[in-house]
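Residues per chain are reported as follows:
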Amino acid sequence: MLTNREATLDELRAHALQIRRNVWRALHAAGSGHMGGSLSAADILAALYFHHLRLRPSEPDWADRDRFILSKGHANAALGAVLAQAGFIDDAVLDQFYAYESLFGMHPDIKMAGVEMSTGGLGHGLSIGLGVALGARLQNKGFRTIVMLGDGELQEGSNWEAAMAASHQKAANLTAILDYNKVQQSGHVSEMLTLEPAPDKWRAFGWAVREIDGHDMDQIISALDELPYVEDKPSIIIAHTVKGKGVSFAEDTHLWHNNMVPDEVFEKAMAELGEPA
Ligand SMILES: Cc1ncc(C[n+]2csc(CCOP(=O)(O)OP(=O)(O)O)c2C)c(N)n1
């Protein structure tokens, strides 16, 4: 089983750094891609795949595995990176990002080992995750379902239908993680269509809410370990993050939501990130 509850915080931080490096590697190979939302999610993905999720990389379809759905599918470079680091796919696949006939595309493809759901059209992951969680209940299975959402993505009304239905169903085996990086494709969420007061909205929809710094590994681990927060409610971790985290020119701006990656940009990004210790 993959879950390694013995991984130290420093080891998890090193995994997160490696995810960020592999995101840039994949995007550089393709020439472009979504860096901002991939980098903001890296610490959470490291904690999920190297601490929390019960998975078997050699048996990706293991019936009792936990399910992780990347609803903000445009961050697939980060998902591919962590799947390679965890051993679901070959490391060499990272150099095939967005290549013709590659399963590692701009958005997740369910045909790739470790990918639970093809996503990319925003606003569907939470409904799908609720269905999976209810399926687990019907089958008396103990696996958990976790869905990662983007803040811009929450402008899709389907999320709120799923949120309502999940609390009505008392789906405590469903967790949402909001990668709350405050920036969407064309600007800051607060200027485009604010989500605030985000925690109050989720509470009003019947969810148990925890707010954390989504780059603080200690806080991420505690938030995951303490799930579910209330016995008969779905939980949401509102993770405050920085879009483009780790590379100064890409931080907190929509300009690096999705961009070209010529050699000089790649080299600058890798130099800023540095090598894992
Ligand atoms: C239904 C739908 N509309 C539009 C898009 C194009 N799109 C891709 S990413 C994105 C912005 C998403 O913003 P956010 O959820 O904040 O993502 P993050 O900042 O975490 O990358 C948009 C509009 C899409 N993928 N799906």
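Asker: Any chance you could break down the pattern of salt bridges for me, citing the residues and the numbers?
Answerer: All told, the structure shown has 14 salt bridges when counted by the stated rule. One salt bridge connects Lys111 with Asp109, and the closest N-O pair in it is separated by 3.4 Å. Connected via shared salt-bridge partners are Arg25, Asp91 and Asp95.

Asker: How would you explain the side chain of Arg21 if you had to name every residue and give the values?
Answerer: Considering the arrangement of structural elements, one finds Arg21 in helix 1 (residues 9-30). Setting aside residues no more than four positions away along its own chain, Arg21 makes contact with Met270, Leu273, Gly274, Glu275 and Pro276.

Asker: Tell me about the site of the ligand, and please be specific about residues and values.
Answerer: Taken together, 17 residues form the shell around the ligand, and within it His74, Gly120, Asp151, Val183 and Lys243 come nearest. Contact distances for the ligand include 2.8 Å between an oxygen atom and a side-chain N or O atom of Lys72. Here an oxygen atom of the ligand and a backbone polar atom of Gly152 are 2.8 Å apart. In the complex, the protein chains occlude 77% of the 590 Å² of accessible area that the ligand would expose alone. Mapping the ligand onto the cavity grids shows that it belongs to the largest pocket. Residues belonging to the shell around the ligand are distributed by class as follows: two nonpolar, 10 polar and five charged.

Asker: Report on the sheet that holds strand 4 (residues 174-180), specifying residues and quantitative values.
Answerer: With parallel pairing, five strands are arranged side by side in an open sheet as 2-3-4-6-5. Each edge of the sheet is formed by a strand with only one pairing partner; in this case those strands are strand 2 (67-70) and strand 5 (208-213). For this sheet, the mean inter-axis angle between neighbouring strands, taken without regard to orientation, is 20 degrees. Alignment of strand 3 (residues 145-150) against strand 4, held across six bridges, turns out to be parallel. Pairing of Gly150 across the sheet is with Asp179, part of strand 4.

Quick notes on the rules
Residues numbered from 1 in each chain as written. Predicted model: local features only at pLDDT ≥ 70, side-chain atom pairs only at ≥ 80, totals over all residues. Heavy atoms only, no water. Salt bridge = Lys/Arg side-chain N within 4 Å of Asp/Glu carboxyl O. Helix = DSSP H or I, 4+ residues; strand = E, 2+ residues; numbered from the N terminus. Contact = heavy atoms within 4.5 Å. Near = heavy atom within 4 Å. Polar contact = N/O pair within 3.5 Å; in protein donor to acceptor, adjacent residues only side chain to side chain. Areas by Shrake-Rupley, 256 points an atom, 1.4 Å probe, with all protein chains shown as cover. 1 Å grid on protein atoms, 1.4 Å probe; cavity = no way out; pocket = protein on both sides within 12 Å on 5 of 7 lines; lining within 4 Å. Sits in = over half its atoms within 2 Å of the grid points. Nonpolar A, V, L, I, M, F, W, Y, C, P; charged D, E, K, R; others polar. Pairing = 2+ DSSP bridges. Axes fitted to C-alpha atoms, helices over the stretch in contact; angles between N-to-C directions.

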